[in-house]
Structure formats: structure tokens, C-alpha cells
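# Summary of structural features
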Amino acid sequence: MAEPKKTYDTLSVAITGSGGAGAMTTGGLLLDTAAKAGWYGLQTRSVGPQIRGGEAAALLRFSTQPVEIHGTFFDLLVALDWLNFKSFAAEIRLTPQSIVIRDPASGDLPEAVVASGAKIVDLPIKALAAETEGGRINMVALGIAAGILGLSQEIMAALIDERLGSKGEKAVSASLACTMTGYKSVEAPGIKMPLTPSSRTGDKHWIITGNEAVGLGAVRGGIKFAAAYPITPATEILEWLSSVFSDIGGTLVQAEDELASINMIIGASYGGVPALTATSGPGFALMTESIGLATAAEVPIVVVDVMRGGPSTGIPTKSEQSDLNIAVYGLHGDAPHVVVAPISIADCLFTAQWAVHLAEAMQVPAVVLSDQFLGQARAVVDRPDNLAFFAKRQTVTKSAKDYNRYALTANGVSPMALPGMEDCQYTADGLEHSPRGSPSTRAEDHLSQLDKRQKKLDDFDFGQHWADIDGEGDVAILTWGSSTSTVVEAAKMVRAEGIDVRTIAVRLLAPCQPEQMAEALEGVDKLLVVEQSHSGQFLKYLKAHYDLPTKVATLHRAGPLAIDASEIYAEIKKGLGA
Amino acid sequence: MTAENKHGMAISNLAELLAYALAIELDAHERYMMLADQMEQHNNSELCGLFLKLASHEEHHAQEIRDRAGDIELPHLKLSKLKWPGTDSPEAAELDEAHYMMTSWHALQMALKAEQRAFEFFEGIVANVDDEELKRWAEEFRDEEAEHVEMVEQLLERYPKPSGSWSEDPDPPNLQG
Amino acid sequence: MNVQAEIPYKASAYKSDLKPVWCPGCGDYHVLLSMSKALAELQRKPEEVAVVSGIGCSSRMPAYLNCYGFHGVHGRALPLATGLKVARPDLTVLVAGGDGDGFSIGGNHFLHACRRNIDLTYIVMDNRVYGMTKGQPSPTTEPDWDSALSPGGTGLSPFHPLVIALASGANFVARAFSGEVNRTAEILVEAIEHPGFSFVQILSPCVTFRPEQRNWKDMIHPAPVGETDDPGRAARRIMTDDNFNIGILYRGTRRPYDTKSNQNPKALDQLDTGFAI
């Protein structure tokens, strides 16, 4: 039972329901309300395989600090019904300190809930909704949750008005009434889990998903053309770009398949327009041949892979970090290219923007490895700064006869003529070629062009962005992608006990940065590698390309369950012999 | 004033006739040059040399026509006006008769047919034209082509027809792609 | 000395210095001539023309023209060209390739390029064989053509590219024969000028693997019925097509794909409002 005077710096809430109950809408409104009131937060969802009417869980976490992963346990569960709850049971872990709001009319409690020892509070949600004409249970649930958290009624009411306004006045007033009903219903039982008041105000916050952040980073980086083939969980990037391109002057073409979308962006980029596509594992696999074409012909492109459970069709709606191999090694031949991976939802903006800059500067494909978790989670983040990275391709500025498109230059980057420039006509080619661009089978041409394409990457100064490094000590955790937030949280737990630990979250996966990594690992003799991959792709990649300390432990697991901070904490303690 | 040869080509004045005559020689030159390049790429150096020679003859004929045209401004002939009697420019060698192992005999056969077609082209104009001046010019061109035919026939006497196995290549084709 | 009316770009201006490696006798030499004559007729600036191809003998075309070119991967010329044309509507974009590249691995893109009706001109040099890989049947090969990969012939019904193009929504459908250099050039001029997706199938004999195609020049003939802008009429005409009808089959009036982008774009920071709370 929560103590009356206690406030929560961090609180995890789950709203579950099915068959059109509207649990997701509730979750969204709850997050938005909290965000407006100044809290940080995160919302993810778990759904069944049905297109509609399936079981749905809105999983939320609120905090006074930026938060990007769920806690180990949920403090509050509001269940609209118990249908197929068992599919979430593993994700919604409860403790005896948790509160479960349930409608007594919804039947027996699931075993897992009973076994957890959580405190069950009966509230007749259906009946409460029936008190209002056109009342809906999910709006009652919204009021219940808001009341328990102590969120401002005014802010909530204003949001409902704004968000549901398009459904008509009747719908809005019914929703408001239900929310009020729910809000009042928790006064009597005295269940309160109030969030610690926030000193911030909502105007410094954004709510954004990783997919939206990738889109925004891309356009800020200069992307003006996109080709789209829908695939879960990347489609939102393409739909967002489509919705903004008409305003900002870009174009999107819907392709017939991924073989088309990758080639469309190569064509657009060859014409001088920075171009991007987004896909997931299966689509990326189709694209590999042509990413190789872009590498060989030195045409800059950005390809976003929002990773999901693999291999093959895998688990489309769940996250995993198992496309590292195909992203780094998947092109045939020796085809050096850039692979970057955002380390958080907020970082999706930076990394996408950086990727555009890198692709254009080096005239090379840049792959952005995001994942379903980052891509589809909604997070409250600090309003991002405007960054200096923008597409800056070296092009031919005045016409020159005897133009050599693939001239051997000091840093490997040769100026690109764009169609329309007089006297510089050339044919871009996947065939190996001479500096002029004519097809060549000669050993010296192959060697010099391979060297050139490698040099572009070797000579480039990636600066400090290759990784985010924090902390000191001889114990380090190496990770990448969405595992980063979990690692950061675990590091907090470890440091809270006075133990030093370093965290290294790699953002630049290819090309490798041996010098920088050596510096980051200096003095480290115990290393823990954390990743969401069954075979430990990241560990193997590190062993192949970097010198690691002698004592290396690994925590790697496939999706769909996220690695929890407490597991990492336990591994660290184990490694220290504690 | 217009002359139409039996296949429908309309020639309205001398400037046009000269333009056609020049076009024929330039097309012929271009094809021989293409053939010379093809032979060079396929390591048939004897034929490369022969086609270069034939090309330079055509260039010479083209220059002669320009000289004889004097100050007359020759119109640019658009595609719609270039409907040749056959499938292609009369004096242009038929590229699809080429073979990477062809012999000089074959090349001269191509040239012979080309000159014969050119002869027939001008013969057709002579037969159909009314205007006296045009007729005279056409006759001159026709007679010159007749001379070219003779020249090629004489050259051919130096080259016997090759045996049936001239195109046998012991090596199989290369896989390229 | 005579004065000849000068035009800025003669046909020769469109040919590059690179000497083709096609077999002597290959129909593609004629197509190279036709393409350069067509561009000269239109007086397009060479630097504003782009030729995009896939893989195969005929896909080597871009390097032999003095325009911008892209020699892409097998079967993917059409999406390459699509991206280029949408991003750069100011360019004249031609697509070149063979029957294997275009109708086998490229088949799906062919359907959708016709359907999308982007302003491109797609030139397929059809020789009914995979030449570059030494002679395998292609989707337009006759069912009884014997080969190492399909002894005795495939027994499969060949594709009829004009039918597919028409059914998929191409705005201009024509067939030409490589040997008729000027006639082909004329058809290409019409194709390039016509808005939307123009498809020209050029019968272009393969001297090395299909030497019997030497007789094509005796089998081609003008189409008995003239061109039409009515897809239904074109469909009926094509029912009697013996695959050697030369000429424009269909010149339609479908609206081409809209490539226009916002000429007065908003500033990027306007996007922030979508995320601010």
C-alpha cells in the first residue's frame, strides 16, 4: 500500500484491454497529460496479432528525469478486461507493492496477477462508464489513472478537447464526463501514487517516436527524396516523410518492392538530390545488391533498417538487435560503407541527421540501424537543438573537359558531376572502372578504386560521435542501440553503491575506430558486452575488429523481451565477485 | 519542280539534292568508321585498315560535293525528309553483314552493294525528275556512283572468295556478364 | 566553299569516344545510331539527357553515348530512372536494356513503370536471347528454341511486351526494327516527346547466338492498321500482331505522373510544432 505522503520520482503504469476497448488511446492521453505538466515519460505498446479487436497493453513510465526504458516492475495496472492477458504477463511484472485496478465484472484474475501478491482494488469501470450516455470504459480508466497519479484535471480536460475535438461535441463531453467519473472514483478508496511535482514545464518538451525522430533528422540533414515500400516497423518513417514533404519541398514515391525503392533513391541521388529509404530486416536483405551498387558507383544514399525479430519474417512487431551482421557484412565483394545506430529515441534525430551528412560527404551508403523499440516508442524528450550537420556533397563547380568522375584524390573523395553540368558527362557503373569511369578489368584499376573507396572512410574524421562514453573505472559495459538505455540505468544502480563503471555506447559501427576504442578501454580489465541478439553478433564483431580486455563477459539474448537493467546490474556484481 | 523517285522521296530543288547527296556520303563514311572501330575492337586489323580506307574515300567524296555546291546553302534535312527507298541510307554499308572474322572479300562485297544502291538511288531521281538542271546533277551523281561500282569490282578481283570455313573460330564465345 | 545550315548538335555529338564491344553484326549498333539521330532531331543538350540501363549487351549503351549515364544492376534500370526523373524532372531520361533484363528480372518494375506513367522512354533491344551469358532463352524466346539450359526449347508461351505495356497503362507503345535506322529514330523522337511512359520494343538481332534472326529484315512490315489513342482499339489490333508489325501502336492521353514538388517550401523549423507539447 502506498504511503499517503510519498511521491514517486518514477512510476510505471500499464493499461490493458482488448476488443476495441481503447487501451492505447488511454495510454497516449495519459502520457501527453504528464508531459504537458512537465514530466518525462515513455510509452510503448504490446499487441496481439489481430489487426483490430486484439488484446492491447499500453506500457508507460513517468519520471522527473528523462527516461527511455521501462522499469523492471509495474507499479500500477489498470485492466479494462482480462482477455488474453497472459500474452503480456511476462512483460507486466507486478510486486506486492503494485496496485491492480480491476473491474469485478470482468471475471477471474489471471494466475500471474494473483501470484504477484499485488494489491487488487475493485472499481466498477463498466458501470461507471454506463453512467454517461456514450461513455467509454477507456476514458474512465484514464480518469482513474490520472487521479492516482495526481495529474492536473485542467490539463487533461484541455487535451481531451484538443485530441477528440474532431469526433464532435457529444464525444468530447462524454469523454470529459467519463474521465471526471474515473478521477473521482479513486478519491474514496484513497489509492494514491502521486508523481513528484516537476520543476519543469511542458514547453521545453517534445513527444516523439524514434521513427519520427529519424524522419526529422533526415530532413534536417537535407533529405529531399524518399522511396517507400511499407514494412513493419518502419512504415511510420515513410508516412511521416510523405506528410511533410509537400510542405518542405521533397518528393516521395511509393515503390512496388524494396528492389525498386533502393534503386529509386540511387537514381535520385545520382541526379543530385539527397535520398533515403527505410525498411526492416527482410527488406534490407533485398536491398543489399543495390547498396553495393551505390558503394561501387559512389552514390550517397541513406538506408534505415528498423530492426525487428529475425531471421526471415521473424517477429515483425517486436524489437531485436540482430541485423548488425547484414548491415556491416551483407554486401558482396569488399564494399566499405557507413553503419550508424542511434543509442536512444532522442538520439534517432542526431544519428539520422549525421548519417545524411556522412553519406553525402563521403559519397557512400550510410545505413542507420534503429529498432522496433526505439522506432515505435513514444518518449518525452528535451526539445532538441539544431545541429550543424547538413548534406554537403562535393560536386563539380565548373565544367571541365576530360573529367574523371572517379579520380584518385588525396582523401579518396572525387567531385561528382551532376546531370546538367556541361562537358562532364560520365556513366556511373557498378562494373569496376578506371578513374574516367570506363569499365575496366585491369588489376591496377581494381586495386586503386578499392583503395579509394576504403580511403574515403579511413581518412574521415568522425570526431567524438562514434560513441557515447561515460564514467571511469576498470569495469566497462559495451553496448549499442536500444540496449544503451538499459545499460545506462544499470550503471546508475551500480554507481549508487559506490562502484565505478564505464559505459561505452557505440554509435558508429562501420568503419571501426580502433584508436578511439583503445582509448575508451584504457585501464579496463573487466568488460561486459550487452546486446539483444541470440548469437551475440555485437560481441563477435568486437572480437573481430577490436582489442578487448582479457576478461569479457556477455549478456545477450534475442527479443522479444527486453533485457532488464536489473539483469545487467546482477552481471556486474557477479563479475566483481560480489 | 519537285521530283519524287519511285519510292516517294521528294526533292524540290538543287540545294536539297546536294544535301541528300552529301548526307549519303556522310552516312557512308560514318558506317565505315563504325566498322573500322568494330574490327579494331575485335582484332581484325586487316579489315580495320580496309574500312578506314573505304571511309576516307567517302570523306573525299563528301568534300567533293561540298566543293561543287559552292555557295549554295544546303538545308538541314530533318528525319521526316530522310525516308530512304530502302531501310537505310543507300550508300551506308549494312552493319548486320559484318562478322568479326570477315575477310576483305566480304567487306568489298558490302561496299559493292552500297555503291550499287547509291547508283540506283540517283538513277531513280534521274528517271522521275522533270527539272533539267536537277536531272543533269542527278545524272552526274549517278555516273560517279557507276564509277565507284567499277572501282570496287576491280578491287574485288584481287581478293578470291574465301572458303566455306572462313568463320570457324575454334574458341567458344566468352561469358561476359 | 559551301555553307551548310548549322545545327548546334549533330548526331555525332551524342556518341562518346568509347568504342562498343558488341559483336560486329549486332543490331545494337543500329540502335546507337537511331538514338543519336533521335536526340539530334530533338536538339536536346547532351548534358541534359541521361541514359539508364541494367545488365546485358544492350545495357552497355549508356557509355557509348555522350550523355549522362547509369549502368545499374540487372533488371533495375526502371526504378533507377524513376528516382532520377522524379528528382530531376528537367532531364530527358531514357532507359535502355534487353529482353532478359527488362522482362525477366525486371518484369515487375516494367509493370509498375507502365502503371506509374512517369515521363520516361524505355527502349528494349529485343533479340529473344540472353546474349551476354552465352545464349539462354529469354521471356520472348520462341518455345521451341533449343539451348543448353532448356534442351528442346522451354515450351513456354513467350511474353508479348506490347500487350503487357498496353495493359499496364503505358502511354505510348511502339515497335521498331533496328535495321530501319531512320524509321526507328523517328519512332524514338515521337516516344521521347510524348508525355508519360513511352515503351519502344526494338527488334535487334543477335548475330552470335541467334544468327537465324538475319531474316528478320524480310519479316518486318508496317502495321496494317495505324496508331490509335484508344486502348481498346489498340488491344484489338494487337490480337492480330505477328510480332513483326512495325510502327506506333498506341499513343494515349493518360496524365503523366506528377513530379512537381513544392516551389514555395516552408522552413524546416515549422515541423517542430508537430512535436511540441
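Residues numbered from 1 in each chain as written. Chains lettered and ligands numbered in written order. Predicted model: local features only at pLDDT ≥ 70, side-chain atom pairs only at ≥ 80, totals over all residues.

### Concerning the overall build of chain B
Each helix and strand counted, chain B has four helices and three strands in total. Reading chain B from its N end, one meets helices and strands in the order β-β-α-α-β-α-α. If you line up chain B on its principal axes, its C-alpha atoms span 60 × 40 × 30 Å. Here the contacts in chain B between residues at least 6 apart in sequence split such that 74% fall between residues at least 24 apart. (Helix = DSSP H or I, 4+ residues; strand = E, 2+ residues; numbered from the N terminus. Contact = placed C-beta atoms within 7 Å.)

### Some thoughts on the interface of chain B and chain C
Counting from both sides, the interface comprises 30 residues of chain B and, opposite them, 32 residues of chain C. Of all elements in the fold, only helix 1 (14–41), helix 2 (45–69) and strand 3 (73–74) of chain B reach the threshold of two or more residues within the side of chain B that touches chain C. Grouping the amino acids of the side of chain B that touches chain C by side-chain chemistry returns 13 nonpolar, nine polar and eight charged. (Nonpolar A, V, L, I, M, F, W, Y, C, P; charged D, E, K, R; others polar.)

### Here's the deal with the interface of chain C and chain A
Across the boundary between the two partners, chain C contributes 39 residues, which contact 51 residues of chain A. Every element with two or more residues in the side of chain C that touches chain A is listed here: helix 2 (61–64), strand 3 (68–71), helix 3 (77–87) and helix 5 (107–116) of chain C. The dominant element in the side of chain C that touches chain A, judged by the number of residues it contributes, is helix 3 of chain C, at eight residues. Here the side of chain C that touches chain A is built from residues that sort into 22 nonpolar, 12 polar and five charged. Relative to strand 3 of chain C, strand 15 (residues 427–429) of chain A runs parallel, the two sharing three bridges. Residue pairing across strands places Thr 427 of chain A opposite Gly 69 of chain C, the latter belonging to strand 3 of chain C. (Pairing = 2+ DSSP bridges.)

### Looking at the sheet that holds strand 8 (residues 225–228) of chain A
Residues and elements named next belong to chain A. The seven strands lie next to each other as 9-8-10-11-13-12-19, forming an open sheet whose pairing is mixed. Each edge of the open sheet is held by one strand with a lone partner, namely strand 9 (251–254) and strand 19 (508–510). Averaged over all neighbouring strand pairs, the angle between strand axes comes to 20°, with direction disregarded. Where helix 8 (residues 235–248) meets the sheet, its contacts fall on strand 8, strand 9, strand 10 (275–279) and strand 11 (301–307), and the angle it forms with strand 9 comes to roughly 135°. Packed on one face of the sheet, helix 12 (residues 347–362) meets strand 11, strand 12 (338–340) and strand 13 (365–371) and runs near 165° to strand 13. (Axes fitted to C-alpha atoms, helices over the stretch in contact; angles between N-to-C directions.)

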